[in-house]
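Chain and residue survey
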Amino acid sequence: MTMLHRPAFRTGGKFGSPKIDLGGCVFYAPLWRPNLAGSTFQSSGVYGTPVSTCTVTGATWGSQGRSFDGDDKISVAQSAALQNLTAKSVFIWHKTPAFTASARYLYDDGYFETNFGVRIFAIAAANNINIWIKNSAGTLVAEEFAFTANAFELVGFTWDGTTVHYYSNAVEKGAGDALTGTIAASDDTLTLGATTPTNVSWYNGTEGEVWIYNRALTAAEVSHIYQVTKWRYQ
């Protein structure tokens, strides 16, 4: 068994589900949790420390996450923990229906408006997920891969300051891309469900959990997150 450098999860929490405690977590939003069902909630970081205030507009709570119907969003207040990162990992559980629009944004942390940052979106070409990452110098890397309509999938990337790796259900997609530098601070809110701050390309579908780390997760850690959370989405 591969051993991780931090305790990987704890059981027996308030809602009886695994808690993943990997070092460097600066944002965690389990959108399925009943205590996050209100119009505002606090995301957490390492070991449950509050990080950011999240404001919900329309996205309906359910036992597998928040459902977005094309004019809904969750706005996340920026914090120092989320900005000026020289390494980063972002992962999202999503269920997206067959495509009927040009683009649907699951996640945008400032890229659309400031032209740097991260955006994860679905696009019409063959029901594909796109992950775009641009550093403060304007260097862009991206990967595109197909998703299965109406099925939950864990998508995201890791970046160690040198190389970006992309994943779907813990399986690496593509050969990785070289990227150095910094993803600078943004005055814009992080938005789930649309672009930020100008809300267009609204998302249709469900987002279950969102993680942001200030470091690159290993392939074993990505697999661990997938294995201990996938039961909820089956």
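I will try to describe carefully the structure that is included in this document. Remember, predicted model here, so these are calculated numbers, not experimental data.

**So, the side chain of glutamate 207**
When you line up the elements, glutamate 207 lands in strand 18 (residues 204-213). In this structure, glutamate 207 is buried with no salt-bridge partner, the nearest side chain bearing the opposite charge being arginine 66 at 10 Å. When residues no more than four places from it in sequence are discounted, the contact partners of glutamate 207 are Leu31, Gln64, Gly65, Arg66, Phe68, Ile92, Trp93, His94, Leu106, Leu192 and Gly193.

**Observations regarding the nonpolar core**
If you look at the biggest cluster of nonpolar residues, it comprises 39 residues, and the most contacted ones within it are Ile74, Tyr107, Ile120, Ile133 and Phe157. Core analysis: the next-biggest nonpolar cluster, separate from the first, contains 16 residues, Leu22, Trp32, Tyr213 and Leu217 among them.

**Notes on the side chain of serine 43**
Mapping serine 43 onto the fold places it in strand 4 (residues 40-44). Taking the relative accessible area as the measure of exposure, serine 43 reaches 1% and is therefore buried. For serine 43, the residues in contact, after removing those within four places along its chain, are Phe27, Tyr28, Thr49, Pro50, Val51, Ser52 and Cys54.

**Looking at the pairing of strand 15 (residues 163-168)**
For strand 14 (residues 152-159) and strand 15, the ladder comprises five bridges, and the chain directions are antiparallel. Directly across from valine 155, in strand 15, lies its bridge partner serine 168. Turn length for the strand 14-strand 15 hairpin, with the two strands adjacent in sequence and antiparallel, is three residues, and the turn residue glycine 161 shows positive phi of about 95°. As paired elements, strand 15 and strand 16 (residues 171-178) share five bridges and run antiparallel to each other. Each bridged residue has a counterpart across the sheet, and for valine 164 the counterpart in strand 16 is aspartate 177. Where strand 15 folds back onto strand 16 in an antiparallel hairpin, the turn is made up of two residues, including asparagine 169, whose phi is positive at roughly 50°.

**Focus: the packing of aromatic side chains**
Taken as a whole, this structure holds eight aromatic pairs when the rule is applied. Taking 6.1 Å as the distance between ring centres and 45° as the angle between the ring planes, the aromatic pair formed by phenylalanine 91 and tyrosine 167 counts as tilted. Here phenylalanine 91 is found in strand 9 (residues 88-95), whereas its partner tyrosine 167 is found in strand 15, with 76 residues between them in sequence. For phenylalanine 91, a relative accessible area of 2% puts it in the buried group. Taken together, Trp93, Phe152, Tyr226 and Tyr233 form an aromatic cluster joined through their ring pairs. Geometry around tryptophan 32 places arginine 232 over its ring, the cationic atom sitting 3.4 Å from the centre.

Basis of the calculations
- Residues numbered from 1 in each chain as written.
- Predicted model: local features only at pLDDT ≥ 70, side-chain atom pairs only at ≥ 80, totals over all residues.
- Heavy atoms only, no water.
- Helix = DSSP H or I, 4+ residues; strand = E, 2+ residues; numbered from the N terminus.
- Buried < 20%, exposed > 50% of the residue type's maximum accessible area, 1.4 Å probe, protein only.
- Lys, Arg positive; Asp, Glu negative; His and termini not counted.
- Salt bridge = Lys/Arg side-chain N within 4 Å of Asp/Glu carboxyl O.
- Contact = heavy atoms within 4.5 Å.
- Core = buried A, V, L, I, M, F, W, Y, C linked by side-chain atoms within 4.5 Å.
- Pairing = 2+ DSSP bridges.
- Phe/Tyr/Trp six-rings, centres within 6.5 Å; stacked < 30°, edge-to-face > 60°.
- Lys NZ or Arg CZ within 6 Å of the ring centre and 35° of its normal.

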